[in-house]
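Architecture and fold: a report
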Amino acid sequence: MTHAGEKTPFQSLKSGPLKGTAAIPGDKSTSHRSLMLGGLAKGKTIVHGLLEGEDVLNTAAAMRAMGAKIEKLKDGIWSAEGVGLGNLKSPSQSMEMGNSGTSTRLLAGLVSGHPITASFHGDASLTKRPMGRIITPLESMGAKFETSEGGRLPMTVHGEANPKSITYKLPVASAQVKSAIMLAGLRGDGVTTVIETKPTRDHTENMLRHFGVKVDVENLADGAQAIHLKGGQDMVAGDKPIYVPSDPSSAAFPAVAALICEGSEVILPRIGMNPRRNGIFLCLKEMGADITFEDERTEAGEPVADIYLRGTKTLQGITVPEERVPSMIDEFPALFVAASFASGVTRCTGLEELRVKESDRLAVMVKGLESCGVKLEMGQDSLTIYGNGQPPRGGALIETALDHRIAMSFLVMGLASEQAVTIDDIAPVATSFPHFVDLMNRLSGSPSIKKAA
Ligand code: S3P
């Protein structure tokens, strides 16, 4: 789905304390991978807790177009019947990727390792995003790409019947690039090795193991890792279902909201606590937040915990360690909001990847925060926010730039800023958190977030 056409502005007003338990939708990264790998492996995979957001629905449609049988059984429960490794077919039409970089890059990897051709297109945001980062390694495995200017979408991928296994050192910390190479490497002629100097989310590795594929991880010097994957392994649906944890990236929004709305008491159950994803919660704790992790457990190979948050204290500014950036790459917009309410300075560096997300998140956040009265200083890959321990003024109209996380960040900000905050369009929220507004209003106990008049 694209978000062309009419925009629907929404506004958030000062809320009282947030109270209650909120079920956060399934993790987007894990949901994508469950449908891709379930749609590839022999046999039937049942997925519980699938995120039914637009991005994941685009992955479902694409896998169907390439021959997999993907069905919704009930709300959140889906089945995927795979075609068997090597048996994907060319889709008859260009595939709609909407806003989803993860769908595009991972599926391009899958196509690259099959003797098929597939075209991809997306919305205005996705069309601006760089594909060169996957094209370079996938071409060296034998795939061929036709792209629009600058290596952008629309893009056609001609896959390789006998892909060459490669060793590739990631030039950017990107789980999408790592995953694209691994998915092509499933049919490689030897061992594909991806080296990452800054470890990124490892859901592809974890889920491949669920399907019986051996993935070896070698620890190298200075925290770097080499991931080794031998091509041609059997991939079969496990007899156990996949249980998708609740998305820590989505949880970050009600979490920050609870911390800035004084007197809040919020519980977020079963949140994914993969150490490659939980940087935001470490930061909030370091900022002095009243936050505890209860019943920490492992479900279907992924750590999860119930998060308890209380809005009892003014947050303190921190310096975010640069090595933590990959583990909270999607959560910086939410962190910037928290930092705007904090007392003292919050410094973030190593943010260059924020510039190539669904929007240039550094520039778009800075513009919005400044218009809400927040004092800050932006560099090419850094941001310093000067908090004074008081709620920012708010009172601005924010350009969301087709970016769900920008939209949710400013709606959270409006719940505690002096004046209401308006976003120009609510539509992007549906990509990752379809019931965000209802959930927040339930916690607030009043319609604090609503359509702008
Ligand atoms: C994702 C990886 C990250 C993240 C994105 C989801 C994934 O992107 O920002 O939302 O599921 O692999 P990069 O790989 O570009 O860092």
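Fair warning: this is a prediction, and the values are worked out from it, not measured in the lab.

1. What about the site of the ligand?
In the vicinity of the ligand, the contacting residues are S29, R33, T102, A173, S174, A175, Q176, R201, I329, D330 and K357. A distance of 2.6 Å separates an oxygen atom of the ligand from a polar side-chain atom of R33. A distance of 2.7 Å is found between an oxygen atom of the ligand and a side-chain nitrogen or oxygen belonging to S174. For the ligand, the protein covers 96% of the area, taking 380 Å² as the surface of the free molecule. Here the shell around the ligand is built from residues that sort into three nonpolar, four polar and four charged. Shared between two domains, the shell around the ligand takes at least three residues from each, and those domains are domain 1 (10–26 + 246–451) and domain 2 (28–231).

2. Description of the sheet that holds strand 21 (residues 397–398)
If you walk across this open sheet you meet the four strands as 21-22-1-23, and the pairing is mixed. The sheet terminates laterally at strand 21 and strand 23 (449–451), the two strands that pair on one side only. Pairing of strand 1 (residues 10–12) with strand 22 (residues 421–423) involves three bridges; the strand directions are antiparallel. When the sheet's bridge partners are listed, F10 is paired in strand 22 with I423. Against the sheet, helix 12 (residues 404–414) makes contact with strand 1, strand 21, strand 22 and strand 23, and its axis sits at roughly 160° relative to strand 22, the strand it touches most.

Criteria and thresholds
Residues numbered from 1 in each chain as written. Predicted model: local features only at pLDDT ≥ 70, side-chain atom pairs only at ≥ 80, totals over all residues. Heavy atoms only, no water. Near = heavy atom within 4 Å. Polar contact = N/O pair within 3.5 Å; in protein donor to acceptor, adjacent residues only side chain to side chain. Areas by Shrake-Rupley, 256 points an atom, 1.4 Å probe, with all protein chains shown as cover. Nonpolar A, V, L, I, M, F, W, Y, C, P; charged D, E, K, R; others polar. Domains from an automatic or database assignment. Pairing = 2+ DSSP bridges. Helix = DSSP H or I, 4+ residues; strand = E, 2+ residues; numbered from the N terminus. Contact = heavy atoms within 4.5 Å. Axes fitted to C-alpha atoms, helices over the stretch in contact; angles between N-to-C directions.

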